[in-house]
6 protein chains.
Amino acid sequence: MIYITRRETFNAAHRLFKPEWNDEQNLKVFGKCSNPNWHGHNYVLYVTLKGEVDSETGFLINLKDLSKIVKSRVIEKLDHKNINLEVDFMKGIIPSTENLAIGIWKQIEKPVSELGAHLHCVKISETENNFAEYYG
Amino acid sequence: MIYITRRETFNAAHRLFKPEWNDEQNLKVFGKCSNPNWHGHNYVLYVTLKGEVDSETGFLINLKDLSKIVKSRVIEKLDHKNINLEVDFMKGIIPSTENLAIGIWKQIEKPVSELGAHLHCVKISETENNFAEYYG
Amino acid sequence: MIYITRRETFNAAHRLFKPEWNDEQNLKVFGKCSNPNWHGHNYVLYVTLKGEVDSETGFLINLKDLSKIVKSRVIEKLDHKNINLEVDFMKGIIPSTENLAIGIWKQIEKPVSELGAHLHCVKISETENNFAEYYG
Amino acid sequence: MIYITRRETFNAAHRLFKPEWNDEQNLKVFGKCSNPNWHGHNYVLYVTLKGEVDSETGFLINLKDLSKIVKSRVIEKLDHKNINLEVDFMKGIIPSTENLAIGIWKQIEKPVSELGAHLHCVKISETENNFAEYYG
Amino acid sequence: MIYITRRETFNAAHRLFKPEWNDEQNLKVFGKCSNPNWHGHNYVLYVTLKGEVDSETGFLINLKDLSKIVKSRVIEKLDHKNINLEVDFMKGIIPSTENLAIGIWKQIEKPVSELGAHLHCVKISETENNFAEYYG
Amino acid sequence: MIYITRRETFNAAHRLFKPEWNDEQNLKVFGKCSNPNWHGHNYVLYVTLKGEVDSETGFLINLKDLSKIVKSRVIEKLDHKNINLEVDFMKGIIPSTENLAIGIWKQIEKPVSELGAHLHCVKISETENNFAEYYG
C-alpha cells in the first residue's frame, strides 16, 4: 500500500451563514465570517490516494490523470468563484472548511476509483492556522 | 540604519473591475478576477521601517506600537471584509495588489513617523505567486 | 467523521537534563540541548479534533471555542516562558518534544471532550526538522 | 505510543523511463519526466518512528541515532547523485516518488528497529505539489 | 514607483564543472556539485518589475503578460531539462545560481521593457538555503 | 554586480532587559520578552554578499567558504546558547533582533571582505512575524 498526495490551490469568496437565522444569530455563531459582503481565502487542497504501486510504471496512478479530475471537477468550479452562490456541489450547504472537504470528496471519489485507486483523504486548508480532513 | 519588518495577515474578498467598462471589457482585462460575485484571498502584509537603533532599548521602535497602528488602521478595516465595498481608504480605487500596497502606505505613513521611524516599504502578497512592494 | 486542526505558536526556553545525572552524563545523552544556561525554540502546535459535522452550523465545533481552551490552558502557560521552571503541567518532566506533546494532550483532552469533540492528535514541532505526534 | 519525525533534504537527478519501452512509449506515460538528459529535484524526506517514551530520557529514541542511520544509509547515497545510475538500492527500479519511498523504507527499517523503535512512515516530497507516503 | 513580483518554479538537472579542468580540479572547486552523472533542483524564480501604476487598470502591467514571457522564454526552456546540455541561453556557461540569474535576466529584459515596465530583479533560489539576485 | 544569500538557522535563549532598570520598568518596555527565566527562538539568519561573478567559476564566491565563516564566527557561538550570558560578541548588549543583526554583521564583515566579496545585508528573523535587516 502506498499513498500519494497532490496539492492544488484556489482562491474563492464565501460567507458562513444560515438563511433561517437572522443577522444577529449568524453573527453570534459565525462572527466576522458571516459578513454579508463576503470575504475570501487562498485555499490549499491536498488529495491523497492509496493503492498498490503498478510494477510497470512505478506509479500508484499517473498524477496527470488525478490532476485532470481535480482540475475539472473541483478547481475550475471553485477558483475565483463565490462558493455560496456559484458552486453547484455546495448549493444549500454552509461553506465551512468541514463541508468543503466533504463536498470535494463527493466530487472526486467515483472518478478516482475508476482510475484504479482509492480516495484516502481530502484535506483543505483555509488559512495557515486551520484545516479540515475528511476520510470518507 | 536598521530595518525592521512586521508581518500581519488578513482575509478579504475583492473584485477587479472598472465601473466605466462593461462586463466584456472587464473580463478582457481582468479575466476571472472580474467575477461579479467576488473572490478572495489570504493576504500577507509586511511593513518595513527604517531608522536608528535606540541605545536605551535596542529597538528601532517597539514593535508593539507598530502593531497597534497596523491593526487599527489596516487589519481591522480589511480583515473579513469586501475591499471594494467596505474599506474606506480603498473607496473608488481598483483593489489591485499595487493599489492595496499604496493605500496601506497612506494609512500608516504619518502615524509611523510619529513613532520616530520612517516607513520604508509596504509589501503585500495576494497569493504565493505574486506580491507588490511600495516604497513611497 | 471529520478532522479539524488548529495551529498555534509559542516561544519558550528549555533544557533537556536529568537532575539525577551529572553534567557529563547529561551532555552525553542530551548533547548541546543540556546547556545549563538554556536555549529555546519557536514551537508550532497543531491540535486535531475528530467528530461529526453539526448540520446546524457546518462545524465539527466552533474553532473559537477550541482556541479559547488552547490559549488559556496551553499557550498562556508556555509562551515566553521557561518550560523547566515555570510551566505547571511540565513540573518534574524532561521537556522533550515527546513529553511536551503528551503534557499538552493532558491539558486539553477533558475540556475538548466537553465541547462535544474528541481530541485526536497533538502535534508539536520544535524546529523545522523535527516534530512529535501524540494520539492518546 | 508516541510518534516522532525527522526531516532531511537531498538534491538529486533522475529520469522516469522503462528500458523495455521505446522513447515514444516512455514519453506517452512519463511525459517530460522521461527526458533522456535527466532533470532533478530538491527532495524532502520525513522519517516517522513510533514507540514508547523512555522514562529515563523523555525520548522515543535519541534523534541523533536516527539521524546517523538516515544520513549514512539514505542521504549520502542520494544527495547530489543520479538516482537511476548511482544509487545501489534503486538499481533497476523506476525512480518514481512511490518507489523512492519504498526503497528508503527498506534501507532503514532494520537499523531503526535495532534502536528499539518501529519505523512508521517514510514520506518523500518531490515538489511542493506532490508527495508519497509508505507505511510498510 | 511600484514593484511587482511573479513567482514561478521549474525542476532541472545540472552539473557545475569547467571543461578545461580535469575531474580532480572540478571536484576541488565544485565539490559534489561537479558529479559527472548530474544532480538537480526544484528552482524557484522571482521576477520583479518596477514602474508606475496604470490609473486605468490599477496594474503596473498585467501579470498575465509577464507570465507569458517568463513561461515561453524561461520556464519552457528550463523545466525538466538539463541546464548544461539543453538550454540555449546557458550554452557554454557554468550553470551556477549566479549565472542562471544573469542568463534569465537577458532572456526577459527586452520583452519586459516592451510591456512598458522595467525589469528590476531576477532572484533564483536553488535550495531553501541559497539564492542569487541580479539587478542588471 | 550579483548578490548571493546563504540561509542558516540556530536556536537560542534570550531575555530583553536593561540591568539599570527594575523589573517593573523592564516589563513595561519589553513585556513578556523580559521574563527573568528566559525564553527562546528558532532564529533564521540570511547573509547576503555582493560582488562580481568570477568568470572562472561562475561564483561570486564559493558558498562553502562563506558557510565556514558563518558557522565558526556566528552559528557555533549562538546555537543552543543563552545570548545574554554566553555569546562574546553580544556581551553587555540588549539582544533585540536589531542588535543581533548588527552584532552578526561585525562578526563577519572583515572575513567576508577577505574572501573578495562585500557583505551587503544581515537579515535575522526571530519569529515568522518579525525580522530585522542591517546593511552596515
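K.L.:
Which residues make up the packing of helix H2 (residues 63-78) of chain C against helix H4 (residues 97-114) of chain C, and what values go with them?
P.N.:
Residue and element names in this part refer to chain C. Packing of H2 against H4 brings their axes to within 10 Å, and their N-to-C directions diverge by 145 degrees. Of the two possible hands of crossing, H2 and H4 adopt the one that is right-handed. Contact residues: H2 offers Leu66, Ile69, Arg73, Val74, Lys77 and Leu78, while H4 offers Leu100, Ile104, Gln107, Ile108, Pro111 and Val112. Grouping the constituent residues of the contact of H2 with H4 by class yields nine nonpolar, one polar and two charged.

K.L.:
An account of the arrangement of the chains is needed here, citing residue identities and associated values.
P.N.:
Chain C makes no contact with chain B, the minimum C-alpha separation between the two being 14 Å. The closest approach of any C-alpha atom in chain D to one in chain F is 14 Å; the two make no contact.

K.L.:
Provide a residue-level description of the relation of the copies chain B and chain A, including the pertinent values.
P.N.:
Superposing chain B onto chain A requires a rotation of 180 degrees together with a translation of 0.0 Å along the rotation axis, leaving an RMSD of 0.0 Å. What we have between these two chains is a two-fold relation. Residue by residue, 100% of the interface of chain B is reproduced at the interface of chain A, so both copies engage with the same surface.

K.L.:
For helix H2 (residues 63-78) of chain E, give the residues involved together with the corresponding values.
P.N.:
Residues and elements named next belong to chain E. Taking the largest bend as the criterion, H2 deviates by roughly 45 degrees, centred on Lys71. Turning to H2, its buried residues are Leu63, Leu66, Ser67, Ile69, Val70, Val74, Ile75 and Leu78. Residue His80 follows H2 closely and has a positive phi angle near 60 degrees.

K.L.:
Break down the pairing of strand E1 (residues 2-14) of chain D for me, with residues and values.
P.N.:
E1 of chain D sits mainly inside the fold: twelve of its 13 residues count as buried. Summarising the sheet, strand E5 (residues 130-134) of chain C and E1 of chain D pair through five bridges and their orientation is antiparallel. Residue pairing across strands places Glu133 of chain C opposite Tyr3 of chain D, the latter belonging to E1 of chain D. Where E1 of chain D meets strand E3 (residues 81-82) of chain D, two bridges bridge the pair, whose relative direction is parallel.

K.L.:
Explain the interface of chain B and chain A residue by residue, including any values.
P.N.:
With 23 residues of chain B at the interface, the matching set in chain A holds 23 residues. Summing the contributions of chain B and of chain A, the shared interface buries around 1800 Å²; its carbon and sulfur component is 44%. When residues of chain B are sorted by the area they lose upon contact with chain A, Asn37, Asn42 and His80 of chain B head the list and together hold 31% of the total. Note that Glu128 of chain B and Arg7 of chain A form a salt bridge whose closest N and O atoms lie 2.5 Å from each other. Remark: the boundary between chain B and chain A carries 19 residue pairs in polar contact (both at pLDDT 80 or more). At the level of secondary structure, the elements contributing two or more residues to the side of chain B that touches chain A comprise strand E1 (2-14), strand E2 (39-51), strand E3 (81-82), helix H3 (83-86) and strand E4 (118-127) of chain B. Looking at the side of chain B that touches chain A residue by residue, the class counts come to five nonpolar, eleven polar and seven charged.

Definitions and cut-offs
- Each chain carries its own residue numbering, running from 1 in the direction its sequence is written.
- Starting at A for chains and at 1 for ligands, labels are handed out in the order in which the entities are written.
- It should be noted that, the model being predicted, local features are given only for residues of pLDDT at least 70 and side-chain atom pairs only at 80 or more, the latter also being counted only at that level, while totals for whole chains, interfaces and linings use all residues.
- Neither water nor hydrogens contribute to the side-chain values; these are computed over all heavy atoms in the structure.
- For helices, the fitted line uses only the C-alpha atoms of the stretch in contact; every axis is such a line through C-alpha atoms, and the angle between N-to-C directions lies from 0 to 180 degrees.
- Numbering of helices and strands starts at the N terminus; helices are DSSP runs of H or I of at least 4 residues and strands are runs of E of at least 2.
- Left-handed describes a crossing whose near helix is turned anticlockwise from the far helix through less than a right angle; right-handed describes the clockwise counterpart.
- Only heavy atoms enter the contact rule, under which two residues are in contact if any of them lie within 4.5 Å.
- Residues were grouped as follows: Ala, Val, Leu, Ile, Met, Phe, Trp, Tyr, Cys and Pro as nonpolar; Asp, Glu, Lys and Arg as charged; and all remaining residues, including Gly, as polar.
- Only residues with pLDDT of at least 70 in both copies count here: their C-alpha atoms drive the least-squares fit that superposes the copies.
- One fitted axis covers the seven residues ending at a residue, a second covers the seven starting there, and the bend at that residue is the angle between these axes.
- Burial classes: relative accessible area under 20% of the type maximum marks a residue as buried, over 50% as exposed, and values in between as partly exposed (1.4 Å probe, protein chains only).
- Note: two strands are recorded as paired if DSSP finds a minimum of 2 bridges between them.
- Reported buried area values correspond to the accessible surface (1.4 Å probe) lost by two parts on association, with both partners' losses combined.
- For this analysis, a salt bridge means a side-chain nitrogen from Lys or Arg found within 4 Å of a carboxyl oxygen belonging to Asp or Glu.
- Here a polar contact is recorded for every N or O atom pair within 3.5 Å, except that within protein the pair must consist of a potential hydrogen donor and a potential acceptor, and residues adjacent in sequence are included only if both atoms are side-chain atoms.

Limitation: the analysis is restricted to geometry and does not speak to function.
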